[in-house]
Each structure stands twice: as structure tokens, then as C-alpha cells.
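Descriptive structure summary
Single-letter residue listing:
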Amino acid sequence: MPRHRVLVPLRWSDVDAYGHVNNVMFVRILEEARIAALGTDLLSTSRETGGALLVARQEIEYMVPLTFRIPPVPVDIWVTRIGAADFEMGYEVLDEQDGERVVYAHAETTLFAFDQWKNRPRRLSTAERERLQQWAGGPIQWRRRRDKAVTAP
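The following refers to the structure shown. Keep in mind that this is a model prediction, so the values were computed, not measured.

Some words on unusual backbone geometry
Only a minority of non-glycine residues have a phi that is not negative, and only a minority of peptide bonds are not trans. Notably, Asn-119 is not glycine yet its phi reads approximately 55°, a positive angle. Within the fold, Asn-119 resides in the loop between β5 (100–115) and β6 (120–121). For Asn-119, a relative accessible area of 59% puts it in the exposed group.

Structure below.
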């Protein structure tokens, strides 16, 4: 699976009253990893065409509490799906220390291409699709997702 690893520093203010990184701060960590990973590759092309990438959906599954530490936290990021105008990025916030792998969270973000000049979604260009395909990997292995929809009485 072609993953890209980004090291994201934690801030003291990321920690909540319970002593672990707050769930809201996880969204920031994922955003920083995504911008660092895509900023030098895909987004530079999008800016030249007046385009942008907007977040349509974000899902996070927390596995183990992440506490503050000085070393940055590794975030693996890859593409899990490519559509005509959108794509999904998968993430693992993790550690690999002393031969042991700890996954703090799995996440997935749906992003869509947006034309700022026309103020509407646009299709991904061939160049963007080719770049994304180079990052393509497997789906997120969710542990707690329910496949059946819940209906209200």
C-alpha cells in the first residue's frame, strides 16, 4: 500500500482535561498531515487552475488515547478511492516504538475538487487523477463501523 508518512508535532493545548489529545485536535492533526502530503503535489496544480479541494466528509475511529509528547506523531496517509470529482484519503495516526506498532486512530476524509471562479464542483483533471492513483491503497479497516443503517421508529 503506497502510504506517505507525515510527522505532525503536538501542541500542549491539544491535550484536554482528561490528559489526552482531544477529538477536535485529531481533526487538526489529520488536516495538517493532508496539507503537508498534498500541498507539494496535487494542490499546487489545483491552485494554478483556480481550483481548490473541499472537505465533504470526515470519519474518525479512535483506538487508543494519544497523550502529549515532544516527538511528533506519525500519520500515514493514502488514497482509498478516486471518483470523477472527489476522492477519499485514508489515515492512520500511529507509533512504531521498540518494534511495537500502536494505532491511535483510523480516519477517512472525502474531498472534492472545487472551481473557485465558477463557485461549483469540478471534475478531477487527468493529471490530478494520475497523481492520486500513485497514492492508491487499500480501504480503511474499520473496527466498530456498523454496515446496517439505523432507522428511527
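Side note on the pairing of β5
Along any regular strand, the residues point their side chains to alternate faces of the sheet. β5 sits mainly inside the fold: twelve of its 16 residues count as buried. Inspection of the sheet shows strand β2 (residues 51–62) paired to β5 by eleven bridges, in the antiparallel sense. Its bridge partner being in β5, Gly-51 is matched across the sheet by Asp-115. Pairing geometry for strand β4 (residues 86–97) and β5, over twelve bridges, is antiparallel. When the bridges of β5 are listed, Gly-90 appears paired with Glu-108. Counting the residues between successive antiparallel strands, the hairpin from β4 to β5 contains two residues, one of them, Asp-98, with a positive phi of roughly 55°. Bridge count between β5 and β6: two bridges; the pairing is antiparallel.

Details of the side chain of Thr-110
With respect to the helices, strands and loops of the structure, Thr-110 is situated in strand β5. With sequence-adjacent residues up to four places away left out, Thr-110 is seen in contact with Leu-54, Val-55, Ala-56, Arg-57, Arg-81, Asp-86, Phe-87 and Glu-88.

Some thoughts on the nonpolar core
Core analysis: the biggest nonpolar cluster contains 30 residues, and Phe-26, Leu-66, Val-73, Phe-87, Met-89 and Val-93 have the highest contact counts within it. Looking at this core element by element, the count peaks at seven residues for helix α1 (residues 23–39). Discounting chain neighbours no more than four positions away, the residues touching Val-93 are Phe-26, Leu-30, Leu-66, Val-73, Pro-74, Val-75, Val-102, Val-103, Tyr-104 and Ala-105.

Remarks on the packing of aromatic side chains
Tallied over the full model, the rule gives three aromatic pairs. Taking the centre distance of 5.2 Å and the plane angle of 85° together, the rings of Trp-12 and Phe-68 count as edge-to-face. Placement of Trp-12 in the loop between β1 (4–8) and α1 and of Phe-68 in the loop between β2 and β3 (73–82) is noted, with a sequence separation of 56 residues between them. Both rings, one in Phe-26 and one in Tyr-62, keep their centres 5.2 Å apart while their planes meet at 80°; by these two values the pair is edge-to-face. Of this pair, Phe-26 sits in helix α1 while Tyr-62 is found in strand β2, placing the two residues 36 residues apart along the sequence. Classification of Phe-26 by relative accessible area gives buried; the value is 2%. Of the residues examined, Tyr-62 reaches a relative accessible area of 34% and is grouped as partly exposed. The side chain of Arg-3 reaches across the aromatic face of Trp-78, ending 3.8 Å from its centre.

Analysis parameters
Residues numbered from 1 in each chain as written. Predicted model: local features only at pLDDT ≥ 70, side-chain atom pairs only at ≥ 80, totals over all residues. Heavy atoms only, no water. Helix = DSSP H or I, 4+ residues; strand = E, 2+ residues; numbered from the N terminus. Buried < 20%, exposed > 50% of the residue type's maximum accessible area, 1.4 Å probe, protein only. Pairing = 2+ DSSP bridges. Contact = heavy atoms within 4.5 Å. Core = buried A, V, L, I, M, F, W, Y, C linked by side-chain atoms within 4.5 Å. Phe/Tyr/Trp six-rings, centres within 6.5 Å; stacked < 30°, edge-to-face > 60°. Lys NZ or Arg CZ within 6 Å of the ring centre and 35° of its normal.

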